[in-house]
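As a plain string of letters, each chain reads:
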Amino acid sequence: MKILLMGHPNVGKSVVFNRLTGANVTESNYPGTTVDYSKGYMRLEGEDVEVIDVPGTFSLEPKDKAEEVAVKMLEKNKKSAIICVIDSVKLERGLYLALEIIEEGYPVVIALNMWDIAQDKKIRIDIDKLSSILGVPVVPTTAISGEGIKELVSTIRKAAPVEIGRILKRSGVV
Amino acid sequence: MELTVDERWDLIDKISKQTITFGRYSHTLKDAIAEITVKPLTGIPIAIAVMYGFWSFFGAFAGFFTDGFFVKIFDEHWLPWLQKVFPGEGGFLYYILVGDPTADNCFEAFGMLTSGLFVAIGVVLPAIIAFYLFLIIMEDSGYLPRLAVLIDTILHKIGLHGFAIVPIVLSLGCNVPAVTATRTLETKKQRFMMATLLAIFIPCGAQLGMMIEIIPGYVGFVMLYLLIGFFVTGFVLNKIIPGRSPEILMDVPPYRMPTVRNIGRKMWMRVKGFLFVAIPFVMLGVLLVNVLYWWGVIDWLADILEPVLSAWFGVPKETVGPLLAAFLRKDLAIAQLSAIEMTTYQLITSVVLINLYFPCVATFAMILKEGKEGGCKSAPIFLLGSLATLVATVFLFGGLLHLIWIILGVA
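Residues numbered from 1 in each chain as written. Chains lettered and ligands numbered in written order. Predicted model: local features only at pLDDT ≥ 70, side-chain atom pairs only at ≥ 80, totals over all residues. Heavy atoms only, no water.

Draft legend 1. Molecular detail of the side chain of Asn238 of chain B. Residues and elements named next belong to chain B. Within the secondary structure, Asn238 is located in helix α12 (residues 219-240). At 2.9 Å, the side chain of Asn238 and the side chain of Lys189 are in polar contact. Here Asn238 is in contact with Lys157, Ile158, Gly159, Lys189, Met193 and Ser245, once residues within four sequence places are set aside. (Helix = DSSP H or I, 4+ residues; strand = E, 2+ residues; numbered from the N terminus. Polar contact = N/O pair within 3.5 Å; in protein donor to acceptor, adjacent residues only side chain to side chain. Contact = heavy atoms within 4.5 Å.)

Draft legend 2. Local environment of helix α10 (residues 188-201) of chain B. Its 14 residues give α10 of chain B an end-to-end C-alpha distance of 20 Å, which sits within 8% of 20 Å, the value for a rise of 1.5 Å per residue. Within α10 of chain B, 13 of the 14 residues are buried, which leaves the element mostly enclosed by the surrounding structure. (Expected span 1.5 Å × (residues − 1). Buried < 20%, exposed > 50% of the residue type's maximum accessible area, 1.4 Å probe, protein only.)

Draft legend 3. Looking closely at the pattern of salt bridges. The full count for this structure, using the stated rule, is 17 salt bridges over all chains. For Glu103 of chain A, the salt bridge is made with Arg8 of chain B, and the minimal N-O distance between the two is 2.9 Å. With one member in each of two chains, Glu103 of chain A in helix α3 (residues 91-103) and Arg8 of chain B in helix α1 (residues 5-19) form a pair that bridges those chains. For the residue pair Glu103 of chain A and Arg8 of chain B, the accessibility class agrees, reading buried in each case. Through salt bridges with shared partners, one network takes in Asp36 and Lys65 of chain A together with Arg183 and Glu370 of chain B. (Salt bridge = Lys/Arg side-chain N within 4 Å of Asp/Glu carboxyl O.)

Draft legend 4. Structural view of the interface of chain B and chain A. If you look at the interface, chain B gives 47 residues, while chain A gives 51 residues. Taken together, chain B and chain A are joined by 6 salt bridges. A salt bridge links Arg183 of chain B to Asp36 of chain A; its shortest N-O distance comes to 3.6 Å. The set of elements that each furnish at least two residues to the side of chain B that touches chain A consists of α1, β1 (20-22), α6 (112-141), α7 (143-156), α8 (165-171), α13 (260-294) and α18 (361-373) of chain B. At 10 residues, the largest contribution of residues to the side of chain B that touches chain A is made by α1 of chain B. For the side of chain B that touches chain A, a count of residues per class yields 20 nonpolar, 11 polar and 16 charged. Note: strand β6 (residues 123-125) of chain A against β1 of chain B, 3 bridges, orientation antiparallel. Residue pairing for β1 of chain B: Ile123 of chain A is matched across the bridge by Phe22 of chain B. (Nonpolar A, V, L, I, M, F, W, Y, C, P; charged D, E, K, R; others polar. Pairing = 2+ DSSP bridges.)

Draft legend 5. Up close: unusual backbone geometry. All names here are of chain A. Despite not being glycine, Met114 shows a phi value in the positive range, around 55°. In this model, Lys122 sits at a positive phi of 60°, which is unusual for a non-glycine residue. As for its position among the elements, Lys122 is in the loop between α4 (115-120) and β6. When its relative accessible area of 37% is taken as the criterion, Lys122 is described as partly exposed.

And the structure:
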């Protein structure tokens, strides 16, 4: 099994990656810091699992070379679980990419990162409800301080492919 | 099953209505700072102040350590000691490692253990630390994308957009990661233009540190000249290269307090890279140049190229040595210039030439790699295009500077 970190630019994928693997990839506060992928390893239930930090992308239709790298990595690693990192302040936008990845049939875990900023901005997200509608684990994280990372690791095994029709049903669209 | 774009957004709408609620939020000081640094009326003066602060800090920090500390250690203790104890004066090994036995400073000696170490540790290392300290704070605080918003209009004039400021600023540290950073630009045209322009016109941190040491009073002039060259060449390239330069929407992240942990970690990565990659290159550069001098190759080349160098650029033929060294390390090349006898204006022209002339080997390799990844077919075009631009600009801007000196009557 491999784990891919995917999400929009500047949501903190590299910070999560460094936390998970103990690696030293560059973290900065501007979109487009990571333009190529990096690989690392983490311990998951006594097993070494490969983790890949992928450049940020807004959707699965690439607009620049960094996004191309991201989409290619996803296509190349059909058998991986995806940690979809979403900026909690911009949940709707982040869900678009998450849904695209779910539709492709990948098992997904959602990390609602920058949770502390969402709290400061008085944005409240019903984690349980979100998780039950999507049918995937949702974990609030503040990667910069390490909060939620442990929980994120413990839910990776629970990720399983979800049929998009069921999400439509549970959300009340159909 | 896959949804259409509209279906997906409808679904997201449904989901977010059931899961997100917004509380009352009032403006904070952070929001106020975020606004004044991005609105042109207040943002541009602030940006100028930040850049000026950057420059002052760079000069003061590097100067403090280089002039106040390393120059004394190297020139007054290390060099005389080596000249005294190193055996075989006049021999090959002495020439390579220690250099000129009569030199009284580490710029002129030009041995691996004298000039090589002094340039790397004494001059460039402090400059690099100063530069990256400031850059990392700009990166981590979130100021960089705001600078991008402010400069957007100007960069559009040459077919780029505000976000191109990221590779430009990175390039002031080192051109290599800057070339990689051009991947965030949308079209092949933009990536080619950016990679070429920064390899030619933007001096790296090591070069900047060296320039402050050699021509302290004229660095501002050189930078201005290069900046003008950057925009003029960009303007021309934008007109003649086919391809689009689309508008982009930029995300401006919130300000964040940089953490000491992350600053320390990134700084260590840079310094480590410098110690283990750059220093061997500096040493190798001194070695290569010294061997070529020893064999008489450089004097031979100097005689051949003299007509071009003295007639077109107005610099002494001895600058051939530094120009060769510039292929390996440009900081080393500038250090070498200081040992050649010439007027201040010739020195300025030589420094500009070293800036414009062929990118250092690390940058060159990176441009080659990025060109290749744009598709096998475009790699030679990418490279040839870059080289053609390079040759044209070296002759144009180098010759122009000579012309300016002639008009001013100082050539």
